[in-house]
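Close look at the chain arrangement
What follows is each chain in one-letter form.
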Amino acid sequence: IAAVLGRQEFGPRALGHRSLLAVPDSHDIKDRMNQLKARHSYRPVAPMIADEALEEVFGPSAPKSPYMTMAPQVKEEVRERFPALAHVDGTARHQSVGAKDEPWIHALLLAVGKRTGLAALIN
């Protein structure tokens, strides 16, 4: 998915207004994203995760991280189903998204969750 909406974004709160987004359900998608962005293959991608899915991804102590300041361990069963969601060390420097943070991204994540089983996209 290519998203272009509103003004330019930069800084600590880049919420998908100028983004390439993908469902993290294959090993190859991270490499494809880096190729499309003309980045080195070792560069990680970061997931945007709806607040409602944080516990499913990280467990009961799942932290909200609207500014991508944390990188908790992703549950193994989630890494198996969505291998591009986590870095090679099993963590994810995620951006949590609530309905008040950015309504259209939050709605998109929930719609993706209905189709894939997880309200998350990589960016």
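Let us look at the structure shown here. Since we're looking at a predicted model, the values are computed, not measured.

Rules behind the numbers
- Residues numbered from 1 in each chain as written.
- Predicted model: local features only at pLDDT ≥ 70, side-chain atom pairs only at ≥ 80, totals over all residues.
- Heavy atoms only, no water.
- Helix = DSSP H or I, 4+ residues; strand = E, 2+ residues; numbered from the N terminus.
- Expected span 1.5 Å × (residues − 1).
- Buried < 20%, exposed > 50% of the residue type's maximum accessible area, 1.4 Å probe, protein only.
- Arc of directions from axis to C-beta.
- Contact = heavy atoms within 4.5 Å.
- Pairing = 2+ DSSP bridges.
- Axes fitted to C-alpha atoms, helices over the stretch in contact; angles between N-to-C directions.
- Salt bridge = Lys/Arg side-chain N within 4 Å of Asp/Glu carboxyl O.

The subject of this paragraph is helix H4 (residues 103–116). Over its 14 residues, H4 extends 20 Å from the first C-alpha to the last, a length consistent with the 20 Å expected when each residue adds 1.5 Å. Among the residues of H4, those classed as buried are Ile105, His106, Leu109, Val112 and Gly113. Projected down its long axis, H4 shows its buried positions confined to an angular sector of 120°, all on one face. Exposed residues lying more than 90 degrees from the buried face of H4 are Pro103, Lys114 and Arg115. Looking at the buried positions of H4, the neighbouring elements they touch are strand E3 (47–50), strand E4 (95–97) and strand E5 (120–122). Of the residues flanking the end of H4, it is Gly117, one or two places downstream, whose phi is positive at about 95°.

Quick look at the pairing of E3 now. Residues Pro47 and Ile49 point to one face of E3 and Met48 and Ala50 to the other, with burial holding for every one of them. Here E3 runs beside E5; their pairing, made up of three bridges, is antiparallel. From the neighbouring strand, Ile49 faces E5, where its bridge partner is Ala120. Relative to E4, E3 is paired through three bridges, and the arrangement is parallel. Across the sheet, Met48 pairs through a bridge with Gln95, a residue of E4.

Here we come to the sheet that holds E5. Strand order in the open sheet formed by three strands is E4-E3-E5, with mixed pairing between adjacent strands. In this open sheet, the two strands that pair with only one neighbour each are E4 and E5. On average, adjacent strands in this sheet sit at an angle of 20° to one another, irrespective of strand direction.

If you walk through the whole model with that rule in mind, you get four salt bridges. The salt bridge partner of Glu56 is Arg81, with a shortest N-O separation of 3.8 Å. Within this pair, whereas Glu56 is found in helix H2 (residues 54–58), its partner Arg81 is found in helix H3 (residues 76–81), the two being separated by 25 residues in sequence. Glu56 sits in the partly exposed class, given a relative accessible area of 32%. Among the salt bridges present, the one from Glu77 reaches Lys75, with a minimum N-O distance of 3.6 Å. When its relative accessible area of 45% is taken as the criterion, Glu77 is described as partly exposed.

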